[in-house]
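Examination of the molecular architecture
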Amino acid sequence: MKRTWLLIPCLVLVLALGAVGCAPGAGQQVISIPSQQSTGIWVTGQGEVMVVPDIAKLSLGIEARADTVAEAQSQAISAMDEVMLALKDNGVDKKDIQTQRYSIDPITKWVEDGEEEILGYRVTNIVVAKIREVEKTGVIIDAVAKAGGDYTRIQGISFTVDDPTPYYKEARAKAVEDAQNKAKQLASVSGVELGNPTYISEGTVYPPALTRDLYKNAAPVPAPLTPVSPGELKVTLNVQIVYAIV
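So, a few notes on the structure that sits alongside this text.

What counts and what doesn't
- Residues numbered from 1 in each chain as written.
- Predicted model: local features only at pLDDT ≥ 70, side-chain atom pairs only at ≥ 80, totals over all residues.
- Heavy atoms only, no water.
- Phe/Tyr/Trp six-rings, centres within 6.5 Å; stacked < 30°, edge-to-face > 60°.
- Helix = DSSP H or I, 4+ residues; strand = E, 2+ residues; numbered from the N terminus.
- Buried < 20%, exposed > 50% of the residue type's maximum accessible area, 1.4 Å probe, protein only.
- Expected span 1.5 Å × (residues − 1).
- Contact = heavy atoms within 4.5 Å.
- Core = buried A, V, L, I, M, F, W, Y, C linked by side-chain atoms within 4.5 Å.

1. Brief notes about the packing of aromatic side chains
Counted under the stated rule, the structure contains one aromatic pair. On the numbers, 6.1 Å between centres and 35° between planes, the contact of W42 with Y199 is tilted. Of this pair, W42 sits in strand β1 (residues 41–51) while Y199 is found in strand β6 (residues 194–205), placing the two residues 157 residues apart along the sequence. Classification of W42 as partly exposed rests on a relative accessible area of 39%.

Now the structure itself:
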């Protein structure tokens, strides 16, 4: 009689939850129900779109060296004012110019007994200018080099897209189509019928900025026109879809 009463809670729990909820004992079998997301056909689709950049980001500025900090700063301010004026005259808006780095460093050399001797000071002021008229990038580089003279430092250029939204939409559609084709093939070769999607996840691969290294220790006399080619960027988007098997 005592053993019969011990079995009743276990039977009630089976009816209520649809699974065995009692701890397994001798002779008992544990029934597990698989999660819905662990069944079906899992596929990953990828969509790619090639895009012509419409933004150039130019990393540029000045570097001044002098015996004192004050003198180096004064030279840096004068040179940077000329560079900023050149950017403005070539259509670069103030809101599209952002300071990237500003530093004041001693210029030193090692002497006897492992000590350093200060020879002077270096002031560096680097900004990133967003150029919305990509075709004018070469002209702007030349103008900056002329304005800053021997203080000019051009560290590099990158290209990007101002609004990638429409390209992501196109890449997304291609990724879903790619996933569907893969799922249909898997269902066909496996002899099963493909059902509706039960799970969809998106993973975006952000396009790396296309970079051109233009770093110069000292700006030479500018050529009539610095050639700049933006090329193309690849926008990639991945989706993971789980399809039911019916």
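Having seen the structure, we can now continue with the description.
2. A word on helix α3 (residues 137–148)
Under the 1.5 Å per step criterion, the end-to-end length of α3 is 16 Å for 12 residues, consistent within 8% with the ideal 16 Å. Close packing links the buried residues of α3 with β2 (55–66), α2 (69–89), β4 (116–131) and β5 (152–160). Positioned one or two residues after α3, G149 has a phi angle of 60°, which is positive.

3. Considerations on the nonpolar core
One finds L58, L60, V83, L87, V92 and I140 to be the most contacted residues of the largest nonpolar core, which totals 25 residues. Those residues in contact with I140, other than ones at most four positions away along the chain, are L58, L87, N90, V92 and I131.

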